[in-house]
Every structure is written in structure tokens, then in C-alpha cells.
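# Geometric and topological summary
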Amino acid sequence: MLFSMSRNPEEPVYNRIEEARLALGLSRQELADKAGVHYQTIGYLEREEYSPSLVLALRIAKTLNQEVSELFSLTPFKKGK
Amino acid sequence: MSKKNKIYWFEGVTEKGVKSLLTDENSKYRWLRSQKNRRILVVLMTIGTALVAAGSYWPTLKTNLNLSDGTEVVIYSVAAIFAIFAVLLGYLFLRISVRGIADAPDELLDERQIKIRDTSFRYAYYGFGYIVLALLLLMNLGPEVKLFQPEGNDGSYLIISMMFLCAALPSMILAWRERDI
């Protein structure tokens, strides 16, 4: 592709941020404010287009009252769980 | 209570300025932020910068268009000023389109924004380096190109366009690469 530049082929980190956020009735902006990131970053995380650092994963998990292992996984989550 | 507006001298930005760009306060500029429009802006900036860089060759208009001396000077001056301001305006729009991330200091960005900013600067470094290398080779290998001459063509337009490119290239790369939200 013309002008294509390499992107780092990171191992995807699957997450349930959107599900947990909606369960708490939070908007992306509200979660972003609490986690100290831009709301776009929450969007990228929810679409699994960005893998968070451990610090950010811990902050998001704390904000959403979840354990990191409940929220993030290296394998896809099963539907409904 | 108004907090003091911190100035980041090295980046050439202010805290309020960066925060204003990062939020969606300026909703009238939202149309600029789609990937399609950002890429159009990058193409226009590239064309504009190339036109400014070629400014030193514009005097040949006189011979090509058979203009009188006075007419040529007026056309040349107006066109040059217009091209420079158009590129400057393009740069301002470009910064808005990428929320000023390329010029923002670490402490005002989150980890993903720092990452994409740093990646853009890495590509900008390569790109700018290749352009400078190409110009140096042209100066050395192709004297008939007459990039710098003691009279008339002093290379000032090339220097102006390189200054534009130096400032805008990270934002241009960011604008090109970032996906839509």
C-alpha cells in the first residue's frame, strides 16, 4: 500500500472493559477521567486496538471494581461470561 | 479560580492550548478530525510545501509567460506570500486535526498518545533525513539544478519550506496514520 508504515504487531490483549463500564453506567469520558487517560484511548482499548501498560490495566480494573485477570486476557473471553 | 497557564518553551506550546486541543471544546473543527479529511490535509500540505520550495524557480515565469518586469514582480510577490500563508494555515489546521499531540509534552498526554507521538517523530526523522540527504546530493551531483546561487535564487524558499516541513512532518505522519475513533 502506498505510504504504508509498519505497525507493531502486538499480541492482542482481550478485555471486557466496555461490558464492565456499561454495567456501572459510565460513559467513555467518565471512565477516561477516572483512569487518567483520553477518552479516545478508552475507545482504542475497547476495540482491542491498543494493549495497555500494566499500570493502566491496574488503574482501569480498580476504577471498574474488577480484578485485572477478570478484565484482561491473552485469550478471547467466552460470550456471556 | 484560574490556574497559571504553564508554558512549555521547548515544545513551543502552553498547557491551556494543549488541553484545549485535546478536548472537543472546539467542536467547529470536528470535521477536520476524520481520517479522510486529515489525509486530504496532508496531501495539500505536501503540495503547498513543494510549491514554496520551488519558489526560487518562479522567476522563470517571466520568460515562460512573456510578462513585463513590473507585472512579473507583482505576480511573483503575491503568489509567494499567498503560498507561504496557505501552508502556514494548513499547518494550523493540521495541528488541530491531530489535537496537537505531536507538539504536546509527556505530562499532558496519556501512554497511548505518547506512543503514537514518538512513533510519528521516528518516521519524521527518517523522512526529513532522506529529504536533506537528497538535497545535499542534488547540490553536489547536480549543479545545473542551481539550488543556491549568489544572485536571484538564494535558496531562501527552500529554507522556508524546510522549516515548515521540520515543524509539520510529525503532525503530517500522525494525521496520516491515526485511525478514526
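My aim in this report is to walk through the structure given alongside it, one point at a time. Remember, predicted model here, so these are calculated numbers, not experimental data.

## As for the overall build of chain B
- For chain B, the helix and strand inventory stands at six helices and two strands.
- Beginning at the N terminus, the succession of helices and strands in chain B can be written as β-β-α-α-α-α-α-α.
- Buried positions account for 25% of the 181 residues belonging to chain B.
- Across chain B, the fraction of contacts at a sequence separation of at least 24, relative to all contacts at a separation of at least 6, is 74%.

## Brief notes about the nonpolar core
- By size, the foremost hydrophobic cluster in this structure holds 27 residues, and its most contacted members are M45(B), L94(B), A168(B), M172(B) and A175(B).
- Contributions of two or more residues to this core are made by α1 (15–22), α2 (35–53), α4 (69–97) and α6 (156–177) of chain B.
- It is α6(B) that provides the largest number of residues to this core, a total of nine residues.
- Other than its neighbours up to four places away in sequence, M172(B) contacts V42(B), M45(B) and L94(B).
- The next biggest cluster of nonpolar side chains, apart from the first, holds 13 residues, and it includes V37(A), I42(A), Y50(A) and I60(A).

## Focus: the interface of chain B and chain A
- Listed by partner, the interface residues are nine residues for chain B and 12 residues for chain A.
- Elements represented by at least two residues in the side of chain B that touches chain A include exactly α5 (111–141) and α6 of chain B.
- For the side of chain B that touches chain A, the element with the highest residue contribution is α5(B), accounting for four residues.
- In terms of residue class, the side of chain B that touches chain A is made up of four nonpolar, one polar and four charged.

## Considerations on the packing of helix α2 (residues 28–35) of chain A against helix α4 (residues 54–63) of chain A
Residues and elements named next belong to chain A.
- Running from N to C, α2 and α4 cross one another at 120°; their axes reach a closest spacing of 9 Å. On the basis of their axis angle, the class for α2 and α4 is oblique. Crossing hand, α2 versus α4: right-handed. Residues L31, K34 and A35 of α2 form the contact with α4, whose own contacting residues are L56, R59, I60 and T63.

## Here we look at the packing of α2(A) against helix α3 (residues 39–46) of chain A
Residue and element names in this part refer to chain A.
- Here α2 crosses α3 at 105°, and the two axes come no closer than 8 Å. Judged on the interaxial angle alone, α3 and α2 are roughly perpendicular. Each of R28, Q29, L31 and A32 in α2 lies in contact with α3, whose residues at this interface are Y39, T41, I42 and G43.
- Looking at the contact of α2 with α3 residue by residue, the classes come out as four nonpolar, three polar and one charged.

Calculation rules
Residues numbered from 1 in each chain as written. Chains lettered and ligands numbered in written order. Predicted model: local features only at pLDDT ≥ 70, side-chain atom pairs only at ≥ 80, totals over all residues. Helix = DSSP H or I, 4+ residues; strand = E, 2+ residues; numbered from the N terminus. Buried ≥ 20, exposed ≤ 12 C-beta atoms within 10 Å, placed from the backbone. Contact = placed C-beta atoms within 7 Å. Core = buried A, V, L, I, M, F, W, Y, C linked by C-beta atoms within 7 Å. Nonpolar A, V, L, I, M, F, W, Y, C, P; charged D, E, K, R; others polar. Axes fitted to C-alpha atoms, helices over the stretch in contact; angles between N-to-C directions. Parallel < 35°, antiparallel > 145°, perpendicular 65-115°, else oblique. Left-handed = near helix turned anticlockwise from the far one by under 90°.

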